[in-house]
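# Geometric and topological summary
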Amino acid sequence: MEAKLQEYARLLVAVGCNVQRGQTLVLAAPVECAHFARLCASAAYDLGAREVVTSWGDDFLARERYLRADGAVFDEVPEWRRRFYNDYATQGAAYLAISATDPETFRGVEPDRIVRAQQAGGTALEPFYHAQMNNEMPWCIGSVPIPSWAKKVFPGVPEDEAMRRLWDAIFATVRVTGDGAAVERWREHLDTLEARRSKLNELRFKRLHYTNALGTDLTVELPEGHLWSSGRSVTPKGQAFVANMPTEEVFTAPHRLGVNGIVYAALPLVESGNVIDGFRFVVKDGRIVESRAEKGGEFLKAAYTVDEGASYFGEVALVPYDSPISNQGILYYNTLFDENARCHLAFGEAYPECLEGGVAMTREELKERGLNWSIQHVDFMIGTRDLSIVGTTRDGREIPVFVNGNFAI
Ligand code: ZN
Ligand code: ZN
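Bear in mind the structure is a predicted one, so any value in this text is a computation, not a measurement.

### Some remarks on the overall build of the chain
Summing up its helical and strand segments, the chain has 13 helices and 19 strands in all. Taken against the 2.2 N^0.38 rule, which gives 22 Å for 409 residues, the C-alpha radius of gyration of the chain at 20 Å falls within 12% of a compact globule. Each principal axis of the C-alpha distribution contributes one length, and for the chain these read about 55 × 50 × 50 Å. Buried residues in the chain amount to 54% of all 409 residues. With 43 positive and 56 negative side-chain charges, the chain shows a spacing of 1 Å between the two charge centroids.

If you want it as structure tokens, here you go:
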């Protein structure tokens, strides 16, 4: 086990963030993952990191604060917090976040408190989020189990067993076996995703049409000059990094005014510490004009009304139904994994790298070219076993992109 943990920590720091000699690493992790966070810090120092600074999170304290703190605090972001995130981001530090949380940690919290905290945080930490969305700093999100989460993924088994099974499942998704060759396996995997990306870029689709038996019937227009992306990203200084580990997707940006129809979620979504399930959106000229959910509808609505751009789309991602994470048959209740098991969309901000020359454009230029902006970015899963996607090229040819849930090109 210890060999696997060390291999995994090394992978996140050396490939995920690709920490360079003399570079600071900002490490955000839940206190329950302290052992693993320490391994990541040691791995960073092994690579010559200047300093590792940590930002600890805790589900219990975050929940207590949302339930019991003075209401005014949700409109405030203290200066020290702004400085911590914004200064390190603009100074070129690397950022590693460990995503591990009880999927229902904010059950019973007033959605309004969550919305106001997101609005305040989105504004105060704008330089940090800008650096992240524009690949100006190397960043990576990885994940390790915590008991509350493991018990939700594997209900009805003892906590030790649930933790062991979630560890095994996660190690499989990130290609860690303990043999020390994970870095090599990742190189091959990222090459495979890049081949898919190149094929899609050559086809230069004008729009994609999604249909399945759930009732999805959605047309997604892609902006002129859109680019498909996959696992490997690069900072302006040429530092390669992998923003999500695991990753199985190729993705681009939709035209913010060109999404129309109805789309059904294929999996539950964990957002703002709540589970949202059985939901669908009606979309007109890019905007979500109606939503319905069997569970968590008020949190869904809160998420896509945080600001104007949150009710428009920012990402279109393709993941085969027959792919490694999907084939595990595990519902992770964590978007980092679930989005890499299914085709997904995101409402909220688009990645500027998904447009030719996009990272050098202002927010207004991006908007003009069709890319959405928001403080929000929420991925939700829409892929099913029977999903069909037909692409229309700029010269009017219709090409099956997905047939029965899998790539047809
Ligand atoms: Zn994605
Ligand atoms: Zn996304």
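### Here we look at the coordination of the zinc ion (ligand 2)
Of the protein atoms, only Glu315 (OE), His377 (NE2), Asp379 (OD) and Asp379 (OD) coordinate the zinc ion (ligand 2), at distances of 2.1 to 2.5 Å. Read N to C, the donor residues that coordinate the zinc ion (ligand 2) are spaced as E-x61-H-x1-D. A separation of 3.5 Å is found between the zinc ion (ligand 2) and the zinc ion (ligand 1), both of which receive a donor from Glu315. In this pair, Glu315 sits in strand β14 (residues 313–318) while Asp379 sits in strand β16 (residues 377–381), placing the two residues 64 residues apart along the sequence. Glu315 sits in the buried class, given a relative accessible area of 3%. You can call Asp379 buried: its relative accessible area is 9%.

### Re the nonpolar core
Counting 52 residues, the largest nonpolar core has Tyr8, Phe36, Leu96, Ile98, Trp149 and Met245 as the members making the most contacts within it. For this core, the two domains that each supply at least three residues are domain 1 (2–173) and domain 2 (203–232 + 241–407). Ignoring anything within four residues of it in the chain, the contact list for Tyr8 reads Phe36, Gly142, Ser143, Val144, Trp167, Ile170, Phe171, Val174 and Val176. With 42 residues, the next largest nonpolar core counts Leu208, Leu222, Tyr304 and Leu387 among its residues.

### Remarks on the packing of aromatic side chains
Within this structure, the stated rule accounts for 24 aromatic pairs. With a centroid separation of 5.1 Å and 40° between ring planes, the pair formed by Tyr8 and Phe36 is classed as tilted. Placement of the pair is Tyr8 in helix α1 (residues 2–16) and Phe36 in helix α2 (residues 34–46), with a sequence separation of 28 residues. Connected via pairs of aromatic rings, a cluster forms that spans Phe84, Tyr85, Tyr88, Tyr95, Phe128 and Tyr129. Above the plane of the ring of Tyr333 lies Lys152, whose end atom (NZ or CZ) is 4.8 Å from the centre. Above the plane of the ring of Trp373 lies Arg363, whose end atom (NZ or CZ) is 3.8 Å from the centre.

### A word on the coordination of the zinc ion (ligand 1)
At 1.9 to 2.6 Å from the zinc ion (ligand 1) lie its protein donor atoms, namely Glu249 (OE), Glu249 (OE), Glu315 (OE) and His344 (NE2). Classification of the site at the zinc ion (ligand 1) as irregular follows from its 4 donor atoms and the range of 53 to 148° in their angles at the metal.

### Digging into the pairing of strand β2 (residues 51–57)
As judged from the 7 bridges shared by strand β1 (residues 24–30) and β2, these two strands associate in the parallel manner. By the bridge assignment, Val26 is partnered in β2 with Val53. Handedness of the crossover joining β1 and β2 through α2 is recorded here as right-handed.

Rules and cut-offs
Residues numbered from 1 in each chain as written. Chains lettered and ligands numbered in written order. Predicted model: local features only at pLDDT ≥ 70, side-chain atom pairs only at ≥ 80, totals over all residues. Heavy atoms only, no water. Helix = DSSP H or I, 4+ residues; strand = E, 2+ residues; numbered from the N terminus. Rg over C-alpha atoms; globule rule 2.2 N^0.38 Å. Buried < 20%, exposed > 50% of the residue type's maximum accessible area, 1.4 Å probe, protein only. Lys, Arg positive; Asp, Glu negative; His and termini not counted. Charge placed at Lys NZ, Arg CZ, Asp CG, Glu CD. Donors = N, O, S within 2.8 Å, 3.2 Å for Na, K, Ca; no water. Core = buried A, V, L, I, M, F, W, Y, C linked by side-chain atoms within 4.5 Å. Domains from an automatic or database assignment. Contact = heavy atoms within 4.5 Å. Phe/Tyr/Trp six-rings, centres within 6.5 Å; stacked < 30°, edge-to-face > 60°. Lys NZ or Arg CZ within 6 Å of the ring centre and 35° of its normal. Tetrahedral: all angles 85-135°; square planar, octahedral: opposite > 155°, others 65-115°. Pairing = 2+ DSSP bridges. Right-handed = clockwise from strand over helix to strand, strands pointing away.

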